[in-house]
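Structural characterization, general
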Amino acid sequence: MKGATRVLMRSPKFLIGVALLVMVGGFVLIYPFVDIRDPFEMVGLSYEPPSKDFPLGTDNFGRDVLLELAYGTRSSLYVGILAGGIALCIGVVIGLLAGYLGGFWDNILTTVTNMFIVIPSFMILILVSIGLNSRSLLIVGVIIGCTTWPWTARAVRAQTASLRLRDHVHIARISGYGVMRIIVTQILPYIASYVFMAFILQTASGILAEASISMLGLGPYNTISLGTMLNWAIMFEAMGAGAWWAFIPPALLIALFTFALFLINSGLDEIFNPKIRR
Amino acid sequence: MRHYLRYFGKKLGWTFLTLVVAVTLNFFLPRMVPGNPVDAIVTDLVQGISDENRVKEIYETFNSEFGVDKPLWHQYLIYVRNLLRGDLGTSFGQYPKKVKDILRNAIPWTVGLQLPAILVGWILGNVLGALAAYRRKLFDKIFMPLSLAISSFPFFVMALLMLYLFGMTLGWFPIGGAYAFDVLPSLSWRFIGSVLYHYALPFLSIVIVTIGTQAIGMRSMAIYELNSDYVLYSKLLGLEDKKVVRYVFRNAMLPQITGLALSLGTMVAGALIAEIVFNYPGIGTYMFSAIRQLDYPLISGCTLLVTVSVLVANFAIEVVYGFLDPRIKMAQLEDK
Amino acid sequence: MGNEYVLEGVDLTRYFGIGRLRFAAVDHVTIGFREGEIVSIVGESGSGKTTLAKIFLGLLRPSSGEVRYRGEVLRLRGQRERRAYWSGVQAIFQDPFASFNQFFRVDRFLQDCLKVAGIQASEQEARRIKEEACSFVNLPYHEIYNKYPFELSGGQMQRLMIARVFIIKPSVLIADEPTSMIDACSRSTILDMLLSLRKERGMTIVFITHDLGLAYYVSDRIAIMHRGKICEEGEAKRVIEDPQHEYTRSLLADVPRLMAEWSLE
Amino acid sequence: MDSKLLAVEDLHTYYRTRDGEHVHAVSGVSFELEEGRVLGIAGESGCGKSTLALSLMGFYFPPLYYKSGVIAIRGVDIMKLEYEKLRVDYLGKEISYIPQAAMNALNPTRKIGDFVVDVVQVHRPSLTEKEILTMAAERFESLNLPSRILRAFPTELSGGMKQRTVIAISTLLDPKILIADEPTSALDVSSQKAVIRMLRLLMRERVIKAMIFITHELPLLYHVADDIAVMYAGQLVEKGTAREVIFDPLHPYSHALMGSILVPDEEFMSSSRTIRTIPGAPPNLKEEIRGCRFADRCPYAFDACREHAVAERPVGKRMYRCLIDVEDLKERYVHGE
Amino acid sequence: EGGKETGSAGVSSLPRKETLYVGGLQWGPPQNFNPLSTQASFPLNNGWRMPLLYETLFLYNQLDNSLEPHIGLSYEWVDDLTLRIQLRKGIHFNDGSPLTAEDVAYSYLLGEKYPVPWSATMTHIKEVVAADDYTVLIRMKPENPNRLYVLDSLGNVYVLPSDVWSEIEKKYDYDGTKIIQEFNAHPIASGPYKIAFYDDTRIVLERDDNYWGKAVFGKLPAPKYIAHLIYKSNEASSNAFRQGQIDVNQQFIPKVWTLWEKGAPFKTYLRKPPYYIPGSIPSLFFNMTKKGLDVPEVRRALAMCIDYAKVVDVAMSGYSTIVRPGLMLPVYHEQELIDTRTLESVSYSFDVDAANALLDSIGAKPGPDGIRVLPDGTRLGPWEASCPYGWSDWNATLEIVAQSARKIGIEIRTKFPEFPVWLNDVQNGYFDIAMWLSTNPGMAQPWDRFRAFLDSRNLPPIGKPVTANYNYGRYKNERVNELLSLIPPVTDENTLRELYTELNLIFIRDLPQIPLMYRPSAFYTVYEGVWTGFPDEQNNPYNIPPTPISGAFVKALYYIQAK
Ligand SMILES: Nc1ncnc2c1ncn2[C@@H]1O[C@H](COP(=O)(O)OP(=O)(O)OP(=O)(O)O)[C@@H](O)[C@H]1O
Ligand SMILES: Nc1ncnc2c1ncn2[C@@H]1O[C@H](COP(=O)(O)OP(=O)(O)OP(=O)(O)O)[C@@H](O)[C@H]1O
Ligand SMILES: [Mg+2]
Ligand SMILES: [Mg+2]
């Protein structure tokens, strides 16, 4: 365990990933205290180029892009974490049950999981988003979470199925433990690192999914998120107006986020998956 | 062989079941929306008509035309029956066009754009990923973070940035559409040239992102394989590196095929948004406008089409894969 | 005769796989264990030893046949029945490294054993029992109680497993190759401990191994297992010195020994 | 021409772990292998047997690294050779290797026959594919392997078959020196015997000039090896003929090891033996160990043991690594201290 | 049906100098070329009367709210209920058959038989008869006459060849829903263009060189082809326009002046703000059945707190003048109809303090979160203000409204659903605040604007859709209904002024809607890099209205020249 921390500290990928995340996270958390205006406030004219007043210019509504970025990143992160959390919970529960129970339940749960994998979740996402009349960050996060869990479920199932046959699980069984207790104490700790990595990936994909559906205009109302910022920029022709500041920063931030999370993930992967490392 | 057939029989049955679920989701999910899409069509028609009965009459005609006056389950049955006859219904938004006809126009563009792009991206990504794993050193040090970075770009973000940079700012490429505004489809060089020119940017944006994603997967697969016992053993028997590397690539490539099957859904869906950004007349664009107009039949048609193609692709890849990789063949035979 | 067996398997069969690949890992095995004896089940890799052990432990359901514990057919329905059975029949597995939950400290592991044994003791009393168990297996409790399993050596882990059995006091212990993963020098320690367990507790021990020498060393009776079937069973000495079954004979002939010639022709 | 087929001198190799530490898995191993002899290497799990075997091949894969020492095949230090020369002229042909993990030693997606062709063509490019396959089929049959295996994928074989296949492939080019790392561990006793029989045959026919046989199963080693070296924590602690080492061990560790042998043999078991046990565990190879590596577990150890590195001590043709004199040791063993 | 189609000419490319590219009039793929369908594609889209394929009797000119002769030479009221129209002679359809009064009568009557775009008008008409080959008489129903609608129809009803369409009627067995679905890929029509090609990305018209107008006007329209490129989104279309791929563009382009800042040959009708001429009045609609919103003072306070200048600048890119209270467009022929001084008494303007004071005066005190609560406990918000998604200028406007409202302690949240969802909600009365606009310019304005906003006759209850007009908020006022029925027959200027002034007075007092801006009925932006001579304010000798291709704008096609 201590070794793992040491290795982590040496993994440049992990460190850079964390550094990026901390930087962005710090900006998101601190900036709104520095600049206490309402991000919705239309302080300037539309698409004012970067200036002293507006370090990143203004968007189509004449809002300060930098301030919006702070709030938008926050929302994106929120959706990502929420979606990641939900996807993780569903995926882990289904994966654990399928993997541990085996047999009939495994067949059922695996079939459901595979269905969700093969039916592009993005399609479901679109269909559900259209169906919902009022969309908030919460709802968007929940539906993303509810459609992206199968990858986690599948991986957790595989791990659980192999752990189930380990002797310590047998020992636990002949110690008379119940199913839930075995799953929680004997299996969960072993896949914890994996689950954590899955969470990171799910968070990244949650951020992406939010951005994607917001881009399609199916994002949350009354909310600034990186996706809705892009959506506005496109809808209000930032590109034609040459207002690069309205869409490049959110686009890059989305990429940056995913990048940081991917880095952290592959850093962790090297530690938990020794064979990958060279 | 019998077991093999049985395995695929099962697989096929399973695929069919998924299809049924997909069809059902496709029907019900968009119909969760509170509004009645007929309103939109009829509103224009009845604007200013003060005779209430007249208005009602027109409404009813259209309601029954679209079958929205029947209970949902009944509509579903009709939907399934029509599907079996190859009838995807009539578009609300482009009334009275048939969804089938709309999709027929869109499919060639989407397939023409995405299939080559995804395949090229996949192949290049794998080759580069394998190289990175093998070469390591500087190549890997630069390439690896780069592809990680690239793969962090969602398709549409990449499309957006490329459009802005190469289309709007530098003006190297057209900024949208499938062919130039002043040519008409025909078998002329002018037209074909124009199509290719317009193809470049959307194609590249999909290829680049796919390369990034695939390269990462391939790299770690290849590294895993490079560390395996058979590599050591082969080398200790004096096999030349070239040959060993070929073993490794092949073995690392094979799991990537399943990866391709599984990520097809994500890739296709992602590439659809790239279509929208480039105003490419493919399914993505139609889906986008269908969403705007709440055109259920068209939305259902698009999502169904995408889902079915992903399903079919998955199935096909699974079949092919079994033949390519003896390991999987064994696993398939043993599959419960 | 049925009554003298503590644990008994009647016509046990277990299939794995389907279709062409279906085969019997355990094939119509009937075997019983008497109070206080050590029976070795010997067989090469894949002969179905572990599968048989798991059936006896109730971890696997036999495809046909039944397990009888103290004359009664084993059903294991409900938590209570399971607890009762497992407080009477316990096991040690092949791989000590895999037998421990690496996330719990030794003390917690021992504490759980107390629970399984149904001992409700005060903190002091519990500690005394734990210390006693540790000293039985020659482990200093105060040194290891706060350690994680991965901080112990294989031999120490396997000894802790025995300590577990010491606390639970089952009447039957199924030891599935308990020494195969630890070094030769520690192996003898483990064997000695098992033997003394039997001496002190009169415990029935089912000893599973692929090593004839080991079986010969520890057991009263030996059963030879081959492709899921028990092909020969009898007094240890008799089986080794006067093997009846063809397979046993060839097995004995192929095992390298030190004193006898090992014909390579 | 040096009569010594293989001479290893003060070989040091180490693994670099993920957190940058070094595991000195082979530290200061020297021995010589003469033509016609089989050297057995015994020792418990983790003592460095496999690492030594790999190190002898003369070329290194991360995370295993070469530190120092000489590996001379007929007087040629293969550590000084160019990689290409080593690969074409030595590997597989002069010195060959049977890996411990035969399960994964074959490329899962290549038919065994194709792999055989790949291997042979490196060293004998003149042979046609057909000739190679005929040759391989013969060798396979001598190991009771049907020649149809050549057309099979490794996944279609059972564990034992795989192991035998690997043995067949490793010996296909009639290597002068064969390093067999627990070649029979996955086999049942009768297959084990067949394998040993074949290896013996190859030796007798002088196809293989010398062999290093690694196992932790002492009774087996006794029958296979002419000489036995006992390894402990990366070092050889004792070396001698098979009979000497098994029945008259010198080093306290060997002594304990031999005392733990169990065989289904009335005569041996009842020869008023007490099963000997050693408390404790082998040292951590990550750390620099100054004194005798066995000192912590040795019942006879005294202070000096922990302070000074212990050199190999020759006793006639034998060797052992202990500060205590031979006579002293024997005395103590008899008294069973 | 559907699919690709090439016209007789078999065009494969469109020479830039012979093709007029238009944009912004068609967004989806072509659906049909049926003049009876409300879903018809360019150049037949409902709402734009483009006399390119089918033609109307007269051409509406938005500049002076007049009808210019076309097929019809003149019209006059014979009595209170009868309109007589004199047709031009020598007009023929493109199949060579002559266009006669019979065809006109037939076309009108289709509106009675089937649901077609002019069916609403036909509810006021008793009969349309051909007095002779070139004279048409329209007789209104005595119980329900409406002069304004009848006049409006002159610029709205397409004249179809009766023989061709009776065949079609027969083909579909006189089933209206089928008839309006006829795809009509090769229209037999009287206009100067024919359909040459269409697919999902463009519709191409080719000039008919046998057009009857050649003899009458002495020349043909200049462009040999008119091509409408179909874009899937605003931005794609406006990007194409920026690159000079569209000549006449009917599309909201933010900051349109940036187009010509660098000297590129773009222009709008006016060279200075508001650039376009106003055509309708997007307004904030209140649901009068919602508690809190039913209080006139609350609505008035909202009206006073909105920063109209910001709406114009930020949301509308300045394409409007600052809105004035009332429902009259800032154009001469409408402003003439009201007495501004009378209206001053009820007028309001942007004044946050006054708005706050007004709310204070009715006892609406701010709660702990700053949101006011009425004395009866009704919290002023959260209310959802909605408009369809993707209508970017409106989305921005509502954002501004929401921001403004916060300043006076009213909580408004924006919501932009898809159009059909939004429409359904709004029609059924499931909304708080919505944004919608008035009906298009035409001969029935401004009366029709008031009718659409305020008419509460036959108003369905909440839960049933309002379809006959736009009174989605269920505003009820008997006097308004009365005024609405009084206006249509009136011709006397003074009486009209009185009536309109009263209507405005009631409107401003009750504020069931708050006008937010003036919106052009058409965004007329042209590129003169290829074709020149498009009309603008300074150079418009032929009085051509800036309504791309539609109505009297068609004249422009005869005057433009390729560079
Ligand atoms: N869960 C399972 N599913 C399928 N096959 C199994 C399963 N468990 C065991 N087998 C098969 O049953 C046979 C007997 O296995 P078992 O583990 O009982 O052998 P064993 O005698 O314990 O061998 P070893 O000495 O290697 O432990 C083997 O061929 C094994 O592959
Ligand atoms: N890749 C590696 N990285 C770090 N340490 C290693 C690695 N491989 C082996 N070791 C260590 O090197 C030492 C020697 O290992 P080796 O595999 O040579 O032992 P062995 O004697 O062959 O054991 P066995 O009988 O289990 O095969 C062990 O302590 C082991 O932990
Ligand atoms: Mg076993
Ligand atoms: Mg080894």
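What you see is a predicted model; the values in this text were computed from it and never measured.

Quick notes on the sheet that holds strand 4 (residues 64-69) of chain C
The pairing of strands in a sheet comes from backbone hydrogen bonds and takes either a parallel or an antiparallel form. All names here are of chain C. The four strands lie next to each other as 2-1-4-5, forming an open sheet whose pairing is antiparallel. Both outer strands of the open sheet, strand 2 (23-34) and strand 5 (72-73), are each paired with one neighbouring strand and no more. Inspection of the sheet shows strand 1 (residues 5-16) paired to strand 2 by eight bridges, in the antiparallel sense. Across the sheet, Leu 7 pairs through a bridge with Phe 33, a residue of strand 2.

Remarks on the coordination of the magnesium ion (ligand 4)
Residue and element names in this part refer to chain D. At the metal site, the magnesium ion (ligand 4) is ligated by Ser 50 (OG) and Gln 100 (OE1), and these contacts range over 1.8 to 2.1 Å. Note that Ser 50 is positioned in helix 1 (residues 49-56) and Gln 100 in the loop between strand 6 (95-98) and helix 3 (112-123), a separation of 50 residues in sequence. Judged by its relative accessible area of 23%, Ser 50 falls in the partly exposed class. For Gln 100, a relative accessible area of 35% gives the class partly exposed.

Some words on the site of ligand 1
Residue and element names in this part refer to chain C. With respect to spatial proximity, 13 residues lie near ligand 1, and among them Ser 45, Gly 46, Lys 49, Thr 50 and Thr 51 are the closest. Residue Gly 46 places a main-chain N or O atom 2.8 Å away from an oxygen atom belonging to ligand 1. Between Gly 48 and ligand 1, the recorded distance is 3.0 Å, taken from a backbone N or O atom to an oxygen atom. Notes on ligand 1: free accessible area 630 Å², of which the protein chains cover 61%. Of all the secondary structure elements, the ones that give two or more residues to the shell around ligand 1 are strand 2 and helix 1 (49-57). In terms of residues, the shell around ligand 1 owes the most to one element, helix 1, which gives three residues. Residue classes in the shell around ligand 1 are distributed as three nonpolar, seven polar and three charged.

What to know about the UniProt feature "transmembrane region" (unreviewed entry) in chain B
Residues and elements named next belong to chain B. UniProt tags residues 12-29, 113-134, 146-167, 187-211, 257-278 and 298-324 as "transmembrane region" (unreviewed entry). Secondary structure across residues 146-167 divides into 86% helix and 0% strand, with the first and last C-alpha atoms of the span separated by 23 Å. The distance separating the terminal C-alpha atoms of residues 187-211 is 32 Å; by composition the span is 92% helix and 0% strand.

Quick look at a negative patch on the surface
A cluster of like negative charges, contributed by Glu336(E), Asp492(E), Glu493(E) and Glu498(E), occupies part of the molecular surface. For Glu498(E), the location among the structural elements is in helix 18 (residues 493-510).

What about the site of ligand 2?
Residues and elements named next belong to chain D. Ser 45, Gly 46, Ser 50, Thr 51 and Gln 100 are the nearest of the 15 residues found near ligand 2. Within the backbone of Cys 47, one N or O atom sits 3.3 Å away from an oxygen atom of ligand 2. Burial of ligand 2 by the surrounding chains reaches 67%, relative to a free accessible area of 640 Å². Sorting the residues of the shell around ligand 2 by element identifies strand 2 (22-34) and helix 1 as the ones contributing at least two each.

Remarks on the nonpolar core
Generally speaking, soluble globular proteins have nonpolar side chains that are buried together. One finds Leu20(E), Leu57(E), Tyr108(E), Ile138(E), Leu154(E), Ile410(E) and Tyr500(E) to be the most contacted residues of the largest nonpolar core, which totals 350 residues. A per-element tally of this core places helix 11 (residues 244-272) of chain A first, with 16 residues. Each residue touching Leu154(E), except ones within four places of it in the same chain, is listed here: Thr56(E), Leu57(E), Phe58(E), Leu67(E), Tyr75(E), Leu83(E), Ile85(E), Tyr108(E) and Ile138(E). Counting 99 residues, the second largest nonpolar core, distinct from the first, contains Ala168(D), Met198(D), Ile261(D) and Leu285(D).

Criteria and thresholds
Going along each chain's sequence as written, the residues are numbered from 1 onward. For naming, the first written chain is A and the first written ligand is 1, with later ones following in the order written. Whole-chain, interface and lining totals are the exception, using all residues; otherwise, since this is a predicted model, local features are given only for residues with pLDDT of at least 70 and side-chain atom pairs are given and counted only at 80 or more. Computation of side-chain values covers all heavy atoms of the structure but excludes hydrogens and water. Think of it this way: DSSP has to see at least two bridges between two strands before they count as a pair. Every helix listed is a DSSP run of H or I at least four residues long, and every strand listed is a run of E at least two residues long, numbered separately from the N terminus. As a rule, N, O and S atoms within 2.8 Å of a metal are its donors, except that Na, K and Ca use 3.2 Å; water is not among the atoms, so sites may look incomplete. With a 1.4 Å probe rolled over the protein chains alone, any residue whose accessible area is under 20% of its type maximum counts as buried; one over 50% counts as exposed, and the rest are partly exposed. Nearness of a residue to a molecule or strand requires only that one of the residue's heavy atoms be within 4 Å of it. Think of a polar contact as two N or O atoms within 3.5 Å of one another; within protein, one of them needs to be a possible hydrogen donor and the other a possible acceptor, and neighboring residues in sequence only count if both atoms come from side chains. Per-residue and other accessible areas were derived by the Shrake-Rupley procedure at a 1.4 Å probe size, with only the shown protein chains allowed to occlude residues. The nonpolar class holds Ala, Val, Leu, Ile, Met, Phe, Trp, Tyr, Cys and Pro. Asp, Glu, Lys and Arg form the charged class, and all remaining residues, Gly among them, are polar. UniProt positions are given in the numbering used here, feature names are shortened, and annotations may be inferred rather than shown by experiment. Surface patches are drawn from residues lacking salt bridges whose relative accessible area is over 30%; two like charges belong together within 9 Å, two nonpolar side chains (Val, Leu, Ile, Met, Phe, Trp, Tyr) within 5 Å. Within this document, salt bridges are pairs made up of a side-chain nitrogen of Lys or Arg and a carboxyl oxygen of Asp or Glu, the two lying within 4 Å of each other. We treat Lys and Arg as the positive residues and Asp and Glu as the negative residues; His and chain ends play no part in the count. A charged residue contributes its charge at one atom only: NZ of Lys, CZ of Arg, CG of Asp or CD of Glu. Side-chain atoms within 4.5 Å link the members of a nonpolar core, which is a set of buried Ala, Val, Leu, Ile, Met, Phe, Trp, Tyr and Cys residues. In what follows, residue pairs with any heavy atoms lying within 4.5 Å of each other are defined as contacts.

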